[in-house]
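Notes for the structure review
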Amino acid sequence: MKFMKLGTRPDTFHTAEAVRSVSSEVSSDLVIQVKGTTYLLHKFPLLSKCARLQKLCAEATNPESIIKLPEFPGRVEVFEICAKFCYGITITLSAFNIVAVRCAAEYLQMTEDVEKGNLVYKLDIFLTSCILRGWRDSITTIQSTKAFPLWSQDLGITGRCIDAIASKIIAHPSKLNWSNSVSARGRDETPYHNGTESQRHKPSSKGWWAEDIAELGIDHYWRIMVAIKSGYKVPANLIGEALQVYARRWLPNMSKDGSKQAPDSCSDSVGEITSRHRLILESIVSLLPVEKGSVSCSFLFKLLKAANILGASSSSKMELARIAGFQLEEATVKDLLIPSLSYANETLYDVDIVTVILEQFMFQGRSPPTSPPREKLRLERRRRSRSAENVDFEFQESRRSSSASHSSKLKAAKLIDGYLQEIAKDANLSLQKVIALAEAIPDFARTDHDDLYKVIDIYLKAHPDLNKSERKRLCRILDCKKLSMEACMHAAQNELLPLRVVVQVLFFEQARVAMAGGQVTELPSNLKALLATHADDISQATQLKGVDGAIDDEWSVSGLKSPKSKLSTLRMKLAEAEAQLEDDVLDHDGSGRTSKLKAFCSIPVRPKKMLSKLWSSNRSVSERQ
């Protein structure tokens, strides 16, 4: 650490009866009171260098009156340093006290107008030529400005420190005068003062500066980061890493071990601490790089959770949601479980912000690539020249990036379905939010609907008061053709599902059993005859794997053998249909028609491809209902 000594005389200040004075053959003729401490000094050395003392003494009506300095910046030790400079007594200046002494010298008006080579001039030279050239000295100096924020800002000390620190971060590490780092990596290392770089303290990574500036307050930190970003020389990922380091240092529950940061002062109220944390969070959000991947997705969702807890502004939340939407596929279900603490929202988790994130993700992505016919591609390649091959290469690269977008959407669909399974347990979750979130995923992104069926099953169990219409609306998001064998078996026994869904699921399940060589039993005679007639055609057109019957649970084939199987459930629902669904299919003249379920079961035997036509017909009937 750099230091400077001024003066050659020994220290002759002493205390007698709670009064500080200077040992001298000349009696004191100036009494000054600073911060409750009285000093017996001499006019000649002090008034010759301090314009303010000259003015106060000239305004005093009584020559023996006490000169009071109620607005003096700093403690009495700082005033004593200025007084010793006037007496020529040796004083030591460093990064720890230069800000305080500089503010005091400005208050006492110890400028060049009073005397050449005055204290203000010497301090400015030392600050520029030595203090701000070193990394540690610059950090220490800007930390000391916290005690004199207004004075430091008006004197330009804060701005000069910020510029010095930012320039060192932007510059190459080999060009820096380290003077030992203030971070945990270098606190135990031996300092040096000659400006040579320590071999023990070379930066271990490109983000060597993150931990050092993380010790600063948010006001100084924000200004430094803005200066760094404006230089356009520091990569976005390093800025993102620095922001994560700062968040772990100052925000609650953001550290790696999940421990909560202790408040800065025991006297701080809960409201003050929350306001301080909110300011820090919103400042970090304003500094987040816009480049995708510059910060981890997990970190963004931690900030979102903290934003809800601290009551951050809606603009900060929307900005976090926008950035998180660019890399949603990297998130986990745990990340998406953002607690909702709003009084206007009774749900456990903030579903609205997740919907915004998903919309942003789907908006920035592209649709899956389509491949041109091979023959056409082969002919086009024969006609292309060497120069045109470059265009083809760019086309292939764009297709590759589009394919990556398609892959990310598949991951996002799996993620959202898992998230829906967790929030579906919430009794206060509205049906509209579930449907909106499920329908936000495009059809191609879901290769199967097993997870979506689990969402429906969980939601129906958690909301037993749903009426028939609401259950139908919920089940419209399900595509029975994309259910696995196990999911079909479970759905066929699910008494919470609407009757139409059970019939559709049962039909496809029995079709799959027939394709796999199983036996179809206890079905309506028409449907049984249809499946038996076209069993050969179905087995030739589709190849499906058999189902292992050794697993004995509600999601296995052996579950059908239990007394409470899907067949008994179907009989119960058929009886219910006779009583409840006839009113839904009345014709215009008031005469009752047979239920659509009976019409479905009474379809006659058709030629080949009847099975697919039967499904199309049944599906259209269901949609009309």
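Now for a quick tour of the structure. Being a predicted model, the structure only gives us computed values, none of them experimental. (Residues numbered from 1 in each chain as written. Predicted model: local features only at pLDDT ≥ 70, side-chain atom pairs only at ≥ 80, totals over all residues. Heavy atoms only, no water.)

1. What to know about the sheet that holds strand β2 (residues 13–16)
Here we have five strands laid out as an open sheet, ordered β2-β3-β5-β4-β6, and mixed in their pairing. Edge positions in the sheet fall to β2 and β6 (67–68), since each has one partner strand and no second. Of the strands in this sheet, β2, β3 (19–22), β4 (30–34) and β5 (37–41) are in contact with helix α3 (residues 76–87), which crosses β5 at around 5 degrees. (Pairing = 2+ DSSP bridges. Helix = DSSP H or I, 4+ residues; strand = E, 2+ residues; numbered from the N terminus. Contact = heavy atoms within 4.5 Å. Axes fitted to C-alpha atoms, helices over the stretch in contact; angles between N-to-C directions.)

2. Looking at the packing of aromatic side chains
Scanning the model with the defined rule gives nine aromatic pairs in all. On the basis of an interplanar angle of 65 degrees and a centroid distance of 6.5 Å, the ring pair of Phe 13 and Tyr 39 is categorised as edge-to-face. Within this pair, whereas Phe 13 is found in strand β2, its partner Tyr 39 is found in strand β5, the two being separated by 26 residues in sequence. Taken individually, Phe 13 and Tyr 39 each receive the classification buried, so the pair is uniform in this respect. When the ring of Phe 13 is compared with that of Tyr 87, the centres are 6.0 Å apart and the planes differ by 85 degrees; the resulting orientation is edge-to-face. (Phe/Tyr/Trp six-rings, centres within 6.5 Å; stacked < 30°, edge-to-face > 60°. Buried < 20%, exposed > 50% of the residue type's maximum accessible area, 1.4 Å probe, protein only.)

3. Focus: unusual backbone geometry
The phi torsion at Glu 17 lies on the positive side, around 55 degrees, for a residue other than glycine. Within the element layout of this structure, Glu 17 appears in the loop between β2 and β3. Unlike most non-glycine residues, Tyr 232 shows phi in positive territory, near 55 degrees. With respect to the secondary-structure elements, Tyr 232 resides in the loop between α10 (218–231) and α11 (236–250).

4. Here we look at empty space enclosed by the protein
One pass over the full model with this rule turns up three cavities of 30 Å³ or more. Of the pockets and cavities examined, the second largest cavity occupies roughly 40 Å³. Ile 98, Val 99, Arg 102, Leu 123, Asp 124, Leu 127 and Ile 157 are the residues that line the second largest cavity. Mapped onto the lining of the second largest cavity, the elements with two or more residues apiece are α4 (98–108) and α5 (119–129). Within the lining of the second largest cavity, the residues separate by chemical class into five nonpolar, no polar and two charged. (1 Å grid on protein atoms, 1.4 Å probe; cavity = no way out; pocket = protein on both sides within 12 Å on 5 of 7 lines; lining within 4 Å. Points joined across faces, edges and corners; volume = space filled by probe spheres on them. Nonpolar A, V, L, I, M, F, W, Y, C, P; charged D, E, K, R; others polar.)

5. Considerations on the pairing of β3
Two strands pair when backbone bridges link them, and β2 and β3 are joined in this way by four bridges, in the antiparallel orientation. From the neighbouring strand, Ala 16 faces β3, where its bridge partner is Val 19. Following β2, the chain reverses through two residues before pairing antiparallel with β3; Glu 17 in that reversal takes a positive phi of roughly 55 degrees. Inspection of the sheet shows β3 paired to β5 by three bridges, in the parallel sense. Paired with Arg 20 across the bridge in β5 is Tyr 39.

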